[in-house]
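Observations on chain architecture
So the chains spell out like this:
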Amino acid sequence: SPFNAWVFLKGLETLNVRMKAHSENALILAQWLEGHEKVEKVYYPGLESHPQHRLAKEQQNGFGGLLSFDVVGGREAAWHVIDSVKLFSITANLGDTKSTITHSATTTHSRLSDEQREQAGIKQEMLRL
């Protein structure tokens, strides 16, 4: 509708500023998680430890606001983190205006077989922010 198009266009006016903030905050969080003793691995292309960091740096202007990480202790530990967060919305919706947390293996990728999830790198101890 014309109104929805207008609202969308208004949002584009600040998209650059918002994406810069998303990327900066995600990098700070990824770096913090990478140093946390209860985090096994962090998946974020802004980290130098990411296998495609150099490629992402060449192709992108910033690294985005989405990151994943594996917690030590498997699925139970991942669910404990989800149950303990206070600032994140627990959801599988990646397009929300709020900060979100999700357990991909039982939400966004739940229809895949265990073998398909393993091939995609979606582990039971993985959380996505």
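Structure first, text after, so check above.
Only a predicted model underlies this, so the values are computations on that prediction, with no experimental measurement involved.

Some thoughts on a nonpolar patch on the surface
Together, Phe8, Leu9, Leu12, Leu15 and Met19 make up an exposed nonpolar region whose accessible area comes to about 470 Å². Put simply, the parts of the chain that give the nonpolar patch at least two residues each are α1 (2–12) and α2 (15–34). Here the nonpolar patch takes 3 residues from α1, the largest share from any one element. Positionally, Met19 belongs in helix α2.

Looking at the sheet that holds strand β1 (residues 39–43)
As summarised here, the arrangement of the 3 strands in space is β1-β2-β5, forming an open sheet in which the pairing is antiparallel. Looking at the sheet topology across the chains shown, the edges are occupied by β1 and β5 (126–128). Going from strand to strand, the sheet's axes swing by 20° on average, the running direction of each strand aside. Relative to β5, strand β2 (residues 68–71) is paired through 3 bridges, and the arrangement is antiparallel.

Criteria and cut-off values
Residues numbered from 1 in each chain as written. Predicted model: local features only at pLDDT ≥ 70, side-chain atom pairs only at ≥ 80, totals over all residues. Heavy atoms only, no water. Patch = residues over 30% accessible without salt bridge, like charges linked within 9 Å, V, L, I, M, F, W, Y side chains within 5 Å. Areas by Shrake-Rupley, 256 points an atom, 1.4 Å probe, with all protein chains shown as cover. Salt bridge = Lys/Arg side-chain N within 4 Å of Asp/Glu carboxyl O. Helix = DSSP H or I, 4+ residues; strand = E, 2+ residues; numbered from the N terminus. Pairing = 2+ DSSP bridges. Axes fitted to C-alpha atoms, helices over the stretch in contact; angles between N-to-C directions.

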